Amino acid sequence: LNRRGGPIGVFDSGVGGLTVLKTLRSALPAERFIYLGDTARVPYGTKSAASVVKYSLQCADALIVRGIRCLVVACNTASAFALDALRLRYPEIPIIGVIEPGAAAAVSASRTGHIAVIGTEGTIAGGAYQAAIHRLNGRARVTAQACSLFVAMAEEGWIDGPVAEAVARRYLEPIFGAGWGGAGRGAAVTAVIVPPTVLEPPQPAVPDTLVLGCTHFPVLHAAIRAVLPAHVRIVDSAATVASAVAGELALPAQPPDGGGVIWLATDGAARFARVSGIFLGTALRADEIEIIDL
Ligand code: DGL
């Protein structure tokens, strides 16, 4: 296959990666994209690393045979577990995950070096954000928290208002402290990882930056913002990955026929179309989505 001028492949475990695609399309409007949502096997966030690697390789295979010239792993969980395996299988294709760009944005946003990261169970337990942040700033302190319910809430469209804010408060209050409007229960488990090289000075107990380390979380921005102290900066990996892709594609090839997206999913075109509106702003039609087997 001649890949010059081929589309950019984007895959995710389902519909959440549309937040990344939306940002990519506005940053690179002349590009053609193929989006694949593995809706038959979503969520990846609660699966084992071995399953996420297997599914990610299958998603990549399906996009590679369609002639993509660059692969964006829009799913944070897949980026956390499968990036090395993907790069090993396809060394000739630029492969961009969302974790490195998100970590870089967080490190430049944080003034104190204490950064909070939220994501799926798998992303947080795997420690990929923590490692990526420490590679960029060995003195950073990272507080990481899985926020699994946010995924279902986003797909349900419960993205703001009292329910969304109550759940956001329940997850985030243990990190950012009571006394800023929370209910004070704080039952969530928080992993605090401090690199062994940090001697002094200790970073403040409350992070000044929060990384939204999951495709679904940008749509909950208003609810998350509402329960955070005002000084905390929110970093969205969807926004930062576009510039990483643009940098990677310093190629001459601008497709002559302008932009556009081919939509692929592994199950449920009707649900994909319905839920897509939450993440894209405008809902797709079910007949625009091709269902494929991996
Ligand atoms: N796309 C996933 C992520 O960004 C969230 C949904 C899932 O668990 O599959 O981690």
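These numbers come from a predicted model, not from an experiment. (Residues numbered from 1 in each chain as written. Predicted model: local features only at pLDDT ≥ 70, side-chain atom pairs only at ≥ 80, totals over all residues. Heavy atoms only, no water.)

**Thoughts on the overall build of the chain**
- The number of helices and strands found in the chain is eleven helices and eleven strands.
- With 294 residues in all, the chain has 54% of them scored as buried.
- Taking as baseline every contact in the chain between residues at least 6 positions apart, the subset at least 24 positions apart corresponds to 77%.
- Carbon and sulfur atoms make up 56% of the accessible area of the chain, which amounts to about 12,200 Å² in all. (Helix = DSSP H or I, 4+ residues; strand = E, 2+ residues; numbered from the N terminus. Buried < 20%, exposed > 50% of the residue type's maximum accessible area, 1.4 Å probe, protein only. Contact = heavy atoms within 4.5 Å. Areas by Shrake-Rupley, 256 points an atom, 1.4 Å probe, with all protein chains shown as cover.)

**Some points on the environment of Arg285**
- Checked against the element boundaries, Arg285 lands in the loop between helix H11 (269–280) and strand S11 (289–291).
- As a C-alpha pair, Arg285 and Arg271 span 14 residues in sequence and 10.0 Å in three-dimensional space.
- Side-chain polar atoms of Arg285 contact the side chain of Asp287, separated by 2.9 Å. (Polar contact = N/O pair within 3.5 Å; in protein donor to acceptor, adjacent residues only side chain to side chain.)

**Some remarks on the site of the ligand**
- For the ligand, the set of nearby residues contains 13 residues, the closest of which are Asp12, Ser13, Tyr44, Gly45 and Thr77.
- Contact distances for the ligand include 2.8 Å between an oxygen atom and a backbone N or O atom of Gly45.
- Contacts to the ligand include Asn76, whose backbone N or O atom sits 3.0 Å from an oxygen atom. (Near = heavy atom within 4 Å.)

**Observations concerning the pattern of salt bridges**
- Overall, the coordinates contain six salt bridges when judged by the stated rule.
- In this structure, Arg271 engages Glu155 in a salt bridge whose closest nitrogen and oxygen atoms are separated by 2.9 Å. Separated by 116 residues along the polypeptide, Arg271 in helix H11 and Glu155 in helix H7 (residues 149–156) bring together distant segments of the chain. (Salt bridge = Lys/Arg side-chain N within 4 Å of Asp/Glu carboxyl O.)

**Brief notes about the packing of aromatic side chains**
- Evaluation of the coordinates by the stated rule reveals five aromatic pairs.
- With a centroid separation of 6.2 Å and 70° between ring planes, the pair formed by Tyr35 and Phe272 is classed as edge-to-face. Residue Tyr35 is located in strand S2 (residues 32–37), and its partner Phe272 is located in helix H11; the two are separated by 237 residues in the primary sequence. Accessibility classification places Tyr35 together with Phe272 in one group, the buried group. (Phe/Tyr/Trp six-rings, centres within 6.5 Å; stacked < 30°, edge-to-face > 60°.)

**Points about the sheet that holds S2**
- Here we have six strands laid out as an open sheet, ordered S4-S3-S1-S2-S10-S11, and parallel in their pairing. On the outer flanks of this sheet lie strand S4 (95–97) and S11, each paired with one strand and no other. When strand polarity is set aside, the average angle formed by the axes of neighbouring strands in this sheet is 20°.
- Bridge analysis of strand S10 (residues 260–265) against S11 gives three bridges, and the strand direction is parallel. (Pairing = 2+ DSSP bridges. Axes fitted to C-alpha atoms, helices over the stretch in contact; angles between N-to-C directions.)

**A look at the side chain of Thr209**
- With respect to the element layout, Thr209 can be found in strand S8 (residues 209–213).
- Within the structure, the side chain of Thr209 is placed 3.0 Å from the side chain of Asp208, a separation counted as a polar contact.
- With residues near it in sequence (within four places) discarded, Thr209 still touches Ala106, Ala109, Ser110, His114, Ile115, Ala116, Val232, Arg233 and Val235.

**Details of the nonpolar core**
- Ranked by size, the top nonpolar core spans 57 residues in total, and within it Phe150, Leu172, Leu210 and Ile224 carry the most contacts.
- Grouped together as the second largest cluster of nonpolar side chains are 25 residues, Leu36, Val52, Leu57 and Ile292 included. (Core = buried A, V, L, I, M, F, W, Y, C linked by side-chain atoms within 4.5 Å.)

**Considering the pairing of strand S9 (residues 233–236)**
- The pairing of S8 with S9 spans four bridges and is classified as parallel. Bridge pairing in S9 places Thr209 opposite Arg233.
- In terms of handedness, the path from S8 via helix H9 (residues 221–227) over to S9 forms a crossover that is right-handed. (Right-handed = clockwise from strand over helix to strand, strands pointing away.)

**Quick notes on H11**
- With twelve residues, H11 extends 15 Å between its outermost C-alpha atoms, agreeing within 8% with the 16 Å of an ideal straight helix rising 1.5 Å per residue.
- Taken together, the buried positions of H11 are occupied by Ala269, Phe272, Ala273, Val275, Ser276, Gly277, Phe279 and Leu280.
- Contacts made by the buried residues of H11 are with helix H1 (18–27), S2, H7, S10 and S11.
- Following H11 by one or two positions, Gly281 adopts a phi angle in the positive range, close to 100°. (Expected span 1.5 Å × (residues − 1).)

**Describing the confidence of the model for the chain**
- Considering every residue of the chain, the mean pLDDT works out to 89; 87% of them sit at 70 or more.
- Per-element averaging of pLDDT across the chain places strand S7 (residues 191–193) at the bottom with 60 and helix H2 (residues 49–64) at the top with 98.
- This model gives residues 179–189 a pLDDT under 50, and the stretch forms 20 contacts once residues within four places in sequence are excluded. (pLDDT = per-residue confidence, 0-100.)

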